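# Structural characterization, general
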Amino acid sequence: PIWPWVRENELSASGYALTDSWGGNGLYEQNCNVWIKTLNPVNLPVGNSLYLIFDSHLYTEWNFDPARVEASTDGNSWTVLWQKSGRWDTWRKEFVALNDYAGQSLYFRFRLSDASTDEELTDPGWTIDNISIIGGVATANEDNVNPAIPVAALYPNFPNPFNPVTTLSFSLGKAAATSLKIYNLKGQLVRTLVNADLLKGEHKIVWNGCDDNGKAASSGVYLYRLESGDYSRSMKMVLMK
């Protein structure tokens, strides 16, 4: 790894957690390939319904910077058991089925690799907590440790860079008057995508690369800004023709 993972207590489900970014609130390095792994193999019991369980707090660039759980019988050749990327920045209980490895001795590795196109999307990275292996019945991994949606949250667009269509996603914790607008780097309004009262939940809006007059926007960097209640946030995207 480029640097070791660190223990911190600012961003943790309980007590201390492990994070790839200092304090759990910093950026992870672009083009990084960082991991933690067990020093010795873990002897898995024989039986059904065997799971590796951990709490995960994740915010990486969607489809570019995957977080992975990997297993190995020799500590050298690794098999991916679980993979995720994007914004999942409330604590979630993740379940990785180990039934195919029951009775074996395995090394486990938690790895984050980066192929980012935008440094701003590398914050805060991946934090994990409460790692354990259990046998028996487990809850499906769609159940969240904390399922509450924040007041609002703006997510990285995908794809980015794009030509000429991209999808902008955001969440609302409650119904509210909401606007989603696109600006150029001069601060000039290019396109109003949303200006309406929206319901609580997840929302996805497609931008076709055109301005409010239907004219195709030129290549370059654009800002998209979400405003909903007291929440406002801007993020960058790149139109590349």
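What you see is a predicted model; the values in this text were computed from it and never measured. (Residues numbered from 1 in each chain as written. Predicted model: local features only at pLDDT ≥ 70, side-chain atom pairs only at ≥ 80, totals over all residues. Heavy atoms only, no water.)

## Structural notes on the overall build of the protein
- When helices and strands are counted, the protein shows 0 helices and 17 strands.
- Every one of the 241 residues in the protein was classed for burial, and the buried ones make up 45%.
- Residue pairs at least 24 apart in sequence account for 70% of intrachain contacts in the protein once pairs closer than 6 positions are excluded.
- When the accessible surface of the protein is summed, it comes to about 12,000 Å², and 49% of that surface belongs to carbon and sulfur atoms. (Helix = DSSP H or I, 4+ residues; strand = E, 2+ residues; numbered from the N terminus. Buried < 20%, exposed > 50% of the residue type's maximum accessible area, 1.4 Å probe, protein only. Contact = heavy atoms within 4.5 Å. Areas by Shrake-Rupley, 256 points an atom, 1.4 Å probe, with all protein chains shown as cover.)

## So, the sheet that holds strand S16 (residues 220–228)
- The strand order across the open sheet formed by 4 strands is S14-S13-S16-S17, and the pairing between neighbours is antiparallel. One side of each edge strand has no neighbouring strand; the edge strands of this open sheet are strand S14 (189–198) and strand S17 (231–239). Going from strand to strand, the sheet's axes swing by 15 degrees on average, the running direction of each strand aside.
- Pairing of S16 with S17, which is carried by 9 bridges, proceeds in the antiparallel orientation. Bridging from a neighbouring strand, Arg-225 pairs with Ser-234 of S17. (Pairing = 2+ DSSP bridges. Axes fitted to C-alpha atoms, helices over the stretch in contact; angles between N-to-C directions.)

## A closer look at the sheet that holds strand S11 (residues 152–154)
- Strands sit in the order S11-S12-S15 across an open sheet of 3 strands; the sheet is antiparallel. A single partner strand is all that each edge strand has here, and the edge strands are S11 and strand S15 (201–207). Between one strand and the next, the sheet's axes are offset by a mean angle of 20 degrees, whatever the strand orientation.

## Some thoughts on the pattern of salt bridges
- Applying the stated criterion across every chain, the model contains 6 salt bridges.
- With a shortest N-O distance of 3.0 Å, Glu-227 and Arg-225 are connected by a salt bridge.
- Here the residues in one salt-bridge network are Glu-70, Arg-109 and Arg-111, joined through shared partners. (Salt bridge = Lys/Arg side-chain N within 4 Å of Asp/Glu carboxyl O.)

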